[in-house]
Amino acid sequence: MEKLKITGGNQLFGEIAVCGAKNAAVAIIPAALLVDGVCRIENVPDIKDVRLIIDMLVQLGASVTYVNDTTIEVNSSNLKTHIAPCDLASRMRASYYLLGALIGRMKKAEVSLPGGCNFGTRPIDLHEKGFRALGAKVSIEDGIVFADAQELAGNTIYLDTVSVGATINIMLAAVLAKGRTVIENAAKEPHIVDVANFLNAMGANVRGAGTDVIRITGVEQMRGGSYSIIPDQIEAGTFMLLAAATGGNVLVRNIIPIHMNCLTSKLEEMGIGVTEYDDSIRIERDGELHGVSVKTMPYPGFPTDLQPQMVALLSTVDGNSSVQENVWDNRFQYIDQLLAMGADIKVEGRRAKITGAKLHGAEVTATDLRAGAALIIAGAAADGVTEIASPHYIDRGYSDIERRLRSIGVKIERIFEAD
Ligand code: UD1
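Residues numbered from 1 in each chain as written. Predicted model: local features only at pLDDT ≥ 70, side-chain atom pairs only at ≥ 80, totals over all residues. Heavy atoms only, no water.

Undergrad: Any details on the nonpolar core? Residues and values, ideally.
TA: Counting residues in each nonpolar core, the largest one holds 80 residues, and the members touching the most others are Ile29, Ile41, Met171, Phe198 and Leu199. Sequence-distant contacts of methionine 171, defined by excluding residues within four places in its chain, comprise Ile183, Ile192, Val195, Ala196, Leu199, Val206, Ile214 and Ile216. With 69 residues, the next largest nonpolar core counts Ile272, Ile354, Leu359 and Ile401 among its residues. (Core = buried A, V, L, I, M, F, W, Y, C linked by side-chain atoms within 4.5 Å. Buried < 20%, exposed > 50% of the residue type's maximum accessible area, 1.4 Å probe, protein only. Contact = heavy atoms within 4.5 Å.)

Below, the structure is given as structure tokens:
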């Protein structure tokens, strides 16, 4: 059995660079299916979810070539099928982007319902509503989503809930549709803007991404081009929260500071020193911290994908804090693991009440990707040794994590034990 072993309790110093954004990459790579030509995509993170989506593109008939560790070229000129490989698609959430991309390009798609982290019901009804509004017939049978259309035509689609996935998927289906599509109550996350910028760089006409109304004018064809993915807002936040929890002085590089505003202001409210530069942020902690109250919201609110890491930090901070999860209905499953490390947390529905405590090492399990990141933070801040089982969840979203964390002083290694 594989585990991450962390010996905690020391402060961190040095610099750590952030990789390309996972949630942008897993949308932009399928978006390359819409392009009749070669897309060169740079700053691609080397993580499991990206390798999985690339495997799926290859099975659909795209050719994908690695130019170097973080640059790929995708050529989708000769797609051979609209049926995504079931076994791979059901392993990750972002496989739903194959639906939008295949409907857009081939006017038909068959993709199994997505898998991914389990933190409550994760419906795709808004994706379906968008595809139907564009003229596609959509049905779900035996866990497979079938969609097909004679022709796709632009329409106005109001999203009843702000949804990252539905916003991106409708953009993908609409860029080659006839006429104008308007997405109202669209999500505004940085990677939505990144996907729109990628599509425009390939010849699409998408306006308003980053606001709550996105307007897409369909084009006949998208040509090839070159694009570099933005830095990962969630990885950046994870490293900032790690440095805040251990203390010391860490420069997080390759960051877009404005994407971090919500976290930065919370850390400052707690008493952590945060200094912003053009493309990096320094985290310094040398005094007492105060508890705070956090509520997760769609961007520009506090990201749900940093909620577990924030709870890990707050469990070490004297006084009382509260964290309200407003996006997912069951995203506190990992808290039992923090309790095993000595944390004092009470969950009441969607709210966690946290009283600061001294954490100690323990044997714990990553229950999902960001929960795993939270346990790394807790383990690095705790006294003694923490062993995290199921690190494969962490590998889905963080590239080469032990080597990069060791470079700022985290005592972390991957161990292999006989089952
Ligand atoms: C994406 C991210 C995920 C993050 C989430 C919220 C990717 C691959 N994953 O997930 O890491 O936690 O955004 O920032 O980018 N909803 C519906 N119907 C739908 C779709 C969503 O009701 O058809 C609801 C969900 O139940 C949830 C809320 O909308 O309560 C937000 O979900 P959404 O933004 O769609 O999340 P994902 O795109 O799945």
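So much for the structure itself; the text now carries on.
Undergrad: Can you lay out the site of the ligand for me, pointing to particular residues and giving the numbers?
TA: With respect to spatial proximity, 21 residues lie near the ligand, and among them Tyr96, Ser163, Val164, Asp305 and Val327 are the closest. Glycine 165 is positioned with one of its backbone polar atoms (N or O) 2.8 Å from an oxygen atom of the ligand. The side chain of tryptophan 328 places a nitrogen or oxygen atom 3.1 Å from an oxygen atom of the ligand. Calculation on the ligand without its partners gives an accessible area of 740 Å², and the protein chains cover 88% of this total. In this structure, the ligand is accommodated by the largest pocket. Contributing elements (two or more residues each) for the shell around the ligand: helix H5 (125-133) and helix H6 (164-174). Per-element accounting of the shell around the ligand gives the leading share, three residues, to H5. Residues belonging to the shell around the ligand are distributed by class as follows: eight nonpolar, eight polar and five charged. Split by domain, the residues of the shell around the ligand number at least three in each of domain 1 (2-19 + 231-416) and domain 2 (22-228). (Near = heavy atom within 4 Å. Polar contact = N/O pair within 3.5 Å; in protein donor to acceptor, adjacent residues only side chain to side chain. Areas by Shrake-Rupley, 256 points an atom, 1.4 Å probe, with all protein chains shown as cover. 1 Å grid on protein atoms, 1.4 Å probe; cavity = no way out; pocket = protein on both sides within 12 Å on 5 of 7 lines; lining within 4 Å. Sits in = over half its atoms within 2 Å of the grid points. Helix = DSSP H or I, 4+ residues; strand = E, 2+ residues; numbered from the N terminus. Nonpolar A, V, L, I, M, F, W, Y, C, P; charged D, E, K, R; others polar. Domains from an automatic or database assignment.)

Undergrad: Describe the layout of surface pockets, and please don't skip the residues or the numbers.
TA: For the largest pocket, the calculated volume is near 1100 Å³. Every residue lining the largest pocket is counted, 49 residues in all, and those nearest its centre are Arg122, Val164, Gly165, Val327 and Trp328. Secondary-structure elements contributing two or more residues to the lining of the largest pocket are helix H1 (22-31), H5, H6, helix H7 (190-201), helix H8 (233-246) and helix H12 (369-381). In the lining of the largest pocket, the residues fall into 24 nonpolar, twelve polar and 13 charged. When residues of the lining of the largest pocket are assigned to domains, at least three map to each of domain 1 (2-19 + 231-416) and domain 2 (22-228). Here the second largest pocket is characterised by a volume of approximately 340 Å³. Taken together, 18 residues make up the lining of the second largest pocket; nearest its centre are Cys19, Thr70, Ser399, Arg403 and Arg404. For the lining of the second largest pocket, the secondary structure elements donating two or more residues are strand E2 (12-17) and helix H14 (401-406). Among the elements that line the lining of the second largest pocket, the one with the most residues is E2, at three residues. Looking at which domains feed residues into the lining of the second largest pocket, each of domain 1 (2-19 + 231-416) and domain 2 (22-228) supplies at least three. (Points joined across faces, edges and corners; volume = space filled by probe spheres on them.)

Undergrad: Tell me about the packing of aromatic side chains, and name the residues and values.
TA: Under the defined criterion, the tally for this structure stands at two aromatic pairs. Here tyrosine 96 and tyrosine 97 contribute two aromatic rings whose centre-to-centre distance is 4.7 Å and whose plane-to-plane angle is 75°, an arrangement assigned as edge-to-face. Tyrosine 96 gets classed as buried once you look at its relative accessible area, which sits at 9%. Here the aromatic rings of phenylalanine 198 and tyrosine 227 are separated by 5.9 Å at their centres, their planes lie at 80°, and the arrangement is edge-to-face. (Phe/Tyr/Trp six-rings, centres within 6.5 Å; stacked < 30°, edge-to-face > 60°.)

Undergrad: Before we move on, can you summarise the sheet that holds strand E14 (residues 248-253) with the specific residues and values?
TA: Pairing is mixed in the open sheet, where four strands are placed in the order E2-E14-E16-E15. With partners counted over all chains shown, the strands left at the sheet margins are E2 and strand E15 (273-276), one partner each. In this sheet, adjacent strand axes meet at a mean angle of 10° when their direction is disregarded. Pairing geometry for E2 and E14, over six bridges, is parallel. The residue of E14 that forms the bridge with alanine 17 is arginine 253. Along the sheet, H8 makes contact with E2, E14 and strand E16 (280-285), crossing E16 at roughly 20°. (Pairing = 2+ DSSP bridges. Axes fitted to C-alpha atoms, helices over the stretch in contact; angles between N-to-C directions.)

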